[in-house]
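Topology and contacts: notes
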Amino acid sequence: AFGNLPVIGTSLIVLYIFGVLLWTGRNLRRTIRERYNIPSSLPGPIDDCCCMLVCCCCASIQMSRQTHNDKEYPGSCCTPTGLDLDAPDMV
């Protein structure tokens, strides 16, 4: 009866971590859209949730490109923000 317990426990942990990452990504994406006045193509949080669910890597790259001009302010490896120290807070 308890032979599948480790599999179920592991599945629940993976599902929980996936849910937390999806929720965090959706909230971050919504915050960026609100701060930079980027329109949503779907109503409510559906757009942000779908983007994070379908391809979170693509959504992360899109968020980075929306908030950072890499041509004018190239990235830097060892700084707190990932940008040069003389880069402005908002571009």
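Residues numbered from 1 in each chain as written. Predicted model: local features only at pLDDT ≥ 70, side-chain atom pairs only at ≥ 80, totals over all residues. Heavy atoms only, no water.

1. Digging into the environment of L83
Selection criterion: Runs of H or I in DSSP of at least four residues are treated as helices and runs of E of at least two as strands, each being numbered from the N terminus. For every residue, the accessible area (1.4 Å probe, protein chains only) is compared with the maximum for its type, and the residue is labelled buried under 20%, exposed over 50%, or partly exposed between those bounds. Residue contacts are defined here by distance: any two heavy atoms, one from each residue, within 4.5 Å place the two residues in contact.
When you line up the elements, L83 lands in the segment after α3 (56-67). Assessed through its relative accessible area of 18%, L83 is described here as buried. Separated by 32 residues in the primary sequence, L83 and C51 have C-alpha atoms spaced 26 Å apart. Ignoring anything within four residues of it in the chain, the contact list for L83 reads H68, Y73, P74, G75 and S76.

2. A word on the pattern of salt bridges
How we decide: One speaks of a salt bridge when a side-chain nitrogen belonging to Lys or Arg is within 4 Å of a carboxyl oxygen belonging to Asp or Glu.
Throughout the structure, instances matching the rule amount to three salt bridges. Across the pair R29 and D48 runs a salt bridge whose closest N-O atoms are separated by 3.3 Å. With R29 in helix α1 (residues 5-35) and D48 in helix α2 (residues 46-54), the pair connects residues that are 19 residues apart, well separated along the chain. Like D48, R29 is buried. Its salt-bridge partner being D48, residue R33 comes within 2.8 Å of it at the nearest N-O pair. One end of the pair, R33, is in helix α1; the other, D48, is in helix α2, and 15 residues separate them in sequence.

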